[in-house]
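# Chains, contacts and geometry: an overview
Here are the chains, one letter per residue:
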Amino acid sequence: MKSDFLVIGSGSAGLSFALKVADTATVTIVTKGKLNECNTNYAQGGICSVTYAPDTFEKHIEDTLVCGAGKCDPKAVELVVKNAPRSAEDLIRWGTRFDRREDGGFDLHREGGHSEHRILHYQDLTGAEIERALIEQVRQHPNITILEEHFAVDLLTQHHLGEIVTRHTRGLACFGAYILNTETNEIFTALAKFTVVAAGGCGNIYNTTTNPSVATGDGIAMCHRAKAATENMQYIQFHPTALYHPGERPSFLITEAMRGYGAVLRLQNGQEFMHKYHPMKSLAPRDVVARSIDHELKIRGEEFVYLDVTHMPAEETKHHFPNIYEKCLSIGIDITKDMIPVCPAAHYCCGGVKVDYNSESSIRRLYVLGESSCTGLHGANRLASNSLTESFVYSAVAAEHALSDSSIESIDGLVLKLLQYGGEHVMLQLHLPVLQTSSEKFLAIRCLLELRLAELLANLVLCFGGHNEVHPVRRRLLVLAGHDLYNISGLKLLVDPDSLAVDASSCTLDSEIGVDVKGKVQPCRARR
């Protein structure tokens, strides 16, 4: 199959990217489970955005840099913070609901590490609300194809065309991916002009985690195998307050917004302890709180501490945190009367596939978004609720960058690009349908080029010299077929500018190939 954009992953990053490009391009979304099986659906907190005074961009930037422990990229931080309001507007336009005050303004939360209230949220189910709105939009869009229960196996690069590829290969590019239909166990090739990996993080490799079972890091691993650069994979964030309920996996998250609301961390003897570790006490950055809890548990030989919200108004607590209230009540804990047992759990991968400020990886035409990426925003420790903000901001800039790429061709059923990356190595990339009859199997080129073919031939002539005669070119032809990839070595390519025709002979594969300018398929004899 083929499309302009192949999006791997169905969380906030992948779906928002799809919506950004779908009005002008075709999009295929591949997800290994159901569309809503992703980390976004489990996010409770919200999306960070400077909204009202006295908050400022400068304060949000400073909070992010402090939490990142000196490892943030300041330019990436500024990019996300200053574009966050636009992302919030996009979400509202797509139908996302955020809690509001009686006067109509946003009811902003404050979370750990934040100096101001700046978290837009929907109760304690913000991620599920965002995912609901995005799924409704993508299911209605005529240019978006959704493939649930499909697993991306490998990214297609020059490696699959017979090239020896390293992380230093010049001109390394992505052409799509091999996809496994997990219901039929069939593997097929999905070709795309641009590929987007937004497959989430790797939290489920840990025994104690807040991440769903799909968060196994396979998106990052797939990019790594394709020789994309990765960065900061050692920085795994542990959320300090996962519900302590042995035997339950993944662990149920108790949002950081509850501490912003007024909840206090206590030891099992009822004493507060966070004042010993940070001046912000229970609202300290996540890494500080998680390490502090871990230290107290180890020196005391205990398995959990308490999060106490019993001193807050009961009805207000139930109004702000209905999901947490119902969950805890189901295991015999009334959070308006009882303290909540909590412990740290693996929560977020701050590293990932290294990308630039357009979210493009070191592999050309491969964008990586969300938790699969490393933008430089989070540094060594993510500021609470910055992850959803990052996914929407970088999805928008990636979409804008990809759509502005002048190399996008509007050719139905064909990917045809001349790539010259130095020396004697030239690649001619063709999309070939595989024709099958009862008597023979052969390859043929279906050309819907019209004027594009003339442009291609002109480029070939300029590359190899001459204007009015046929010029032999001995190179390697790399062919993307409808179901597989082929490498034709020792090919003799003949270019005739007068007739605007391309012919190929002396193939070492099992076929001969021919094309004419009118786009007709010339029958080819199958070599045995």
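Report on the accompanying structure.

Cut-offs applied
Residues numbered from 1 in each chain as written. Predicted model: local features only at pLDDT ≥ 70, side-chain atom pairs only at ≥ 80, totals over all residues. Heavy atoms only, no water. Helix = DSSP H or I, 4+ residues; strand = E, 2+ residues; numbered from the N terminus. Polar contact = N/O pair within 3.5 Å; in protein donor to acceptor, adjacent residues only side chain to side chain. Contact = heavy atoms within 4.5 Å. Pairing = 2+ DSSP bridges. Salt bridge = Lys/Arg side-chain N within 4 Å of Asp/Glu carboxyl O. Buried < 20%, exposed > 50% of the residue type's maximum accessible area, 1.4 Å probe, protein only. Axes fitted to C-alpha atoms, helices over the stretch in contact; angles between N-to-C directions. Phe/Tyr/Trp six-rings, centres within 6.5 Å; stacked < 30°, edge-to-face > 60°. Lys NZ or Arg CZ within 6 Å of the ring centre and 35° of its normal. Parallel < 35°, antiparallel > 145°, perpendicular 65-115°, else oblique. Left-handed = near helix turned anticlockwise from the far one by under 90°. Nonpolar A, V, L, I, M, F, W, Y, C, P; charged D, E, K, R; others polar. Core = buried A, V, L, I, M, F, W, Y, C linked by side-chain atoms within 4.5 Å.

## Focus: the side chain of glutamate 116
Within the secondary structure, glutamate 116 is located in the loop between helix H3 (74-93) and strand S4 (119-120). A polar atom in the side chain of glutamate 116 sits 2.9 Å from the side chain of lysine 59. Filtering out sequence-adjacent residues up to four positions away, glutamate 116 remains in contact with Pro54, Asp55, Lys59 and Arg110.

## Some thoughts on the sheet that holds strand S16 (residues 373-374)
Spatial strand order, S9-S14-S16: three strands in an open sheet with mixed pairing. Only two strands of the sheet have a single partner each, and these edge strands are strand S9 (230-231) and S16. Sheet topology note: the strand S14 (residues 352-354)/S16 ladder contains two bridges and is parallel. Paired with lysine 354 across the strands is cysteine 374, a residue of S16.

## Re the pattern of salt bridges
Side-chain pairs of opposite charge can arise where the charged atoms are in close proximity. Following the criterion strictly, the structure yields 25 salt bridges and no others. Linking glutamate 296 and arginine 300 is a salt bridge whose minimum nitrogen-to-oxygen distance equals 3.0 Å. Placement of both glutamate 296 and arginine 300 in helix H7 (residues 286-300) is noted, with a separation of four residues, approximately one turn of the helix. We classify arginine 300 as partly exposed; its relative accessible area is 36%.

## Thoughts on helix H9 (residues 322-330)
Of the positions making up H9, those classed as buried are Ile324, Tyr325, Lys327 and Cys328. Next to the buried residues of H9 lie strand S10 (236-243), helix H6 (257-261), helix H8 (314-320) and strand S13 (340-349). Once H9 finishes, glycine 332 follows within two positions and takes phi at roughly 90 degrees, a positive value.

## A word on the sheet that holds strand S11 (residues 264-266)
If you trace the four strands from one edge of the open sheet to the other, you get S10-S13-S12-S11, paired in antiparallel fashion. The open sheet has two edge strands with one neighbour each: S10 and S11. In this sheet, neighbouring strand axes are inclined to one another by 45 degrees on average, regardless of whether the strands run parallel or antiparallel. Here S11 runs beside strand S12 (residues 305-308); their pairing, made up of three bridges, is antiparallel. By the bridge assignment, leucine 265 is partnered in S12 with leucine 307. On top of the sheet, H7 reaches S10, S11, S12 and S13; it is set at about 65 degrees to S10, its chief contact.

## Some thoughts on unusual backbone geometry
Residues alanine 53 and proline 54 are joined by a peptide bond in cis, for which omega reads 10 degrees. Within the secondary structure layout, proline 54 lies in the loop between strand S3 (47-48) and helix H2 (57-67). Of the consecutive residues arginine 249 and proline 250, the connecting peptide bond is found in the cis state with omega at 5 degrees. Counting through the fold element by element, proline 250 comes out in the loop between S10 and H6. Its identity is not glycine, yet arginine 365 carries a phi of approximately 70 degrees, on the positive side.

## Quick notes on the packing of aromatic side chains
Inspection of the entire model under this criterion finds eight aromatic pairs. Ring plane angle 70 degrees and centroid distance 5.3 Å describe the contact between tyrosine 261 and phenylalanine 321, whose orientation is recorded as edge-to-face. Residue tyrosine 261 is found in helix H6, and its partner phenylalanine 321 is found in the loop between H8 and H9; the two are separated by 60 residues along the sequence. Phenylalanine 321 carries the same exposure label as tyrosine 261, and that label is buried. Three or more aromatic residues joined by ring pairs make a cluster, and in this case those are Phe5, Phe17, Phe194 and Tyr367. Over the aromatic face of tyrosine 348 sits the side chain of arginine 382, whose NZ or CZ is 4.2 Å from the ring centroid.

## Some points on the side chain of glutamine 44
Inspection of the secondary structure puts glutamine 44 in the loop between strand S2 (27-30) and S3. There is a polar contact of 2.6 Å between the side chain of glutamine 44 and the backbone oxygen of leucine 253. Setting aside chain neighbours within four positions, we find glutamine 44 in contact with Gln123, Asp124, Leu125, Thr126, Phe252, Leu253, Ile254, Thr255, Asn323 and Ile324.

## Points about the environment of tyrosine 325
Tracing the backbone through its elements, the reader meets tyrosine 325 in helix H9. A relative accessible area of 13% places tyrosine 325 in the buried class. Separated by 201 residues in the primary sequence, tyrosine 325 and aspartate 124 have C-alpha atoms spaced 9.9 Å apart. Apart from the residues within four sequence positions on either side, tyrosine 325 is in contact with Lys318, Asp334, Ile335 and Thr336.

## With respect to the packing of H3 against helix H10 (residues 386-403)
Between H3 and H10, the least distance of the axes is 8 Å, while the angle of their chain directions is 90 degrees. In terms of orientation, H3 and H10 fall into the roughly perpendicular class. Counting all contacts with H3, which are made through Ala76, Leu79, Val80, Asn83, Ala84, Arg86, Ser87 and Leu91, the residues of H10 involved are Thr389, Glu390, Phe392, Val393, Tyr394 and Ala396.

## A look at the packing of H2 against H3
Look at H2 against H3: their axes get within 10 Å of each other, and the N-to-C directions meet at 135 degrees. Considered as vectors, H2 and H3 are oriented oblique to each other. With respect to the hand of their crossing, H2 and H3 are arranged in right-handed fashion. Side by side, H2 and H3 meet where Phe57, His60, Ile61, Thr64 and Leu65 of the first sit next to Pro74, Val77, Glu78, Val81, Lys82 and Pro85 of the second. Classifying every residue of the contact of H2 with H3 by side-chain character gives seven nonpolar, two polar and two charged.

## Re the nonpolar core
Formed by 46 residues in total, the largest nonpolar core has its most connected members in Phe5, Phe17, Val27, Ile29, Ile144 and Leu369. Only strand S1 (2-8), helix H1 (12-21), S2, H3, helix H4 (126-140), strand S8 (186-197) and H10 provide two or more residues apiece to this core. Considering each element in turn, this core owes the most residues, eight residues, to H10. Sequence-distant contacts of phenylalanine 5, defined by excluding residues within four places in its chain, comprise Phe17, Val21, Ala25, Thr26, Val27, Thr28, Ala192, Phe194, Ala402 and Leu403.

## Comments concerning the environment of alanine 177
Its place among the elements puts alanine 177 in strand S7 (residues 176-181). A relative accessible area of 0% places alanine 177 in the buried class. Leaving out residues up to four positions away in the same chain, alanine 177 has contacts with Leu6, Ile8, Asp154, Leu155, Leu156, Phe188, Thr189 and Ala190.

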